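# Structural characterization, general
What follows is each chain in one-letter form.
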Amino acid sequence: MSDVKKLSRRQFVVAVGALGASASSGGMSWYPAESARPLNASIKVDLAAIEPGQMLVETWRGRPVYMLHRTAKILALLTEEEHLLDPLSAKSKQPDFAQNRFRAPKGKELYLIVFGVCTHLGCAPQFVLNELEGRSGFFCPCHGSMYDLSGRVYKGSKAPANLEVPPYRYLDEYIVEIG
Ligand code: FES
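Reference entry: report on the structure contained in this document. Note that the structure is predicted; figures quoted are calculated from it, not measured.

## A short note on the overall build of the protein
Helices and strands together make up the secondary structure of the protein, namely 1 helix and 11 strands. Going residue by residue from the N terminus, the α and β elements of the protein occur as β-β-β-β-β-α-β-β-β-β-β-β. Residue burial in the protein is summarised as follows: out of 179 residues, 47% are buried. In the protein, the proportion of contacts linking residues at least 24 apart, taken out of those at least 6 apart, comes to 58%. With the model as given, the accessible surface of the protein reaches about 8,800 Å², and the carbon-plus-sulfur share is 54%.

Shown next, in the form of structure tokens:
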């Protein structure tokens, strides 16, 4: 596993919660500096390092990739279809395996992997987790678009589509290759 990127170079993000608090380990940027790897190179990530309820931000091809470790409790917070613009992701970009309400391969529903790029004008949505009340998901601070915990956009948002899912594959239970 020597080619798996070292975790110390990554950015773990804790959700903005009901009280408006937010935290990210180490107080670093949301956009970790990309290494000197070729722009089109794939990256390998060990999802086992992400705590339940925590999100890891990586960078691939110059774009932030959000990797969220969901739990059964978090999956229960997925938004009802009637509130979503494209609940089954029929009009959004993703690999075929992610065209479902979890936007993840079968058997890997606990991990969401999406580009952290709003489909309106490209701002970085914030991860929001309200386990008791209110909306949970990804909130775009630029023009207020809201996505649920599968990256599916709410009706009424300026964003026209769900967050894009990058191409990726599992190499074993926890190691994913993006690209
Ligand atoms: Fe996200 Fe406009 S860039 S709502």
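Read on for the rest.
## Overview of the nonpolar core
Formed by 41 residues in total, the largest nonpolar core has its most connected members in Leu47, Met67, Phe138 and Ile178. Listing elements by their share of this core, those giving two or more residues are β1 (11-14), β3 (43-46), β4 (55-60), β5 (63-69), α1 (72-75), β6 (111-115), β10 (168-170) and β11 (175-178). Here the element with the most residues in this core is β6; it accounts for 5 residues. Beyond its immediate chain neighbours, meaning those up to four positions away, methionine 67 contacts Val45, Leu47, Ile50, Gln54, Met55, Leu56, Glu58, Leu112, Ile113 and Ile178.

The rules behind each value
Residues numbered from 1 in each chain as written. Predicted model: local features only at pLDDT ≥ 70, side-chain atom pairs only at ≥ 80, totals over all residues. Heavy atoms only, no water. Helix = DSSP H or I, 4+ residues; strand = E, 2+ residues; numbered from the N terminus. Buried < 20%, exposed > 50% of the residue type's maximum accessible area, 1.4 Å probe, protein only. Contact = heavy atoms within 4.5 Å. Areas by Shrake-Rupley, 256 points an atom, 1.4 Å probe, with all protein chains shown as cover. Core = buried A, V, L, I, M, F, W, Y, C linked by side-chain atoms within 4.5 Å.

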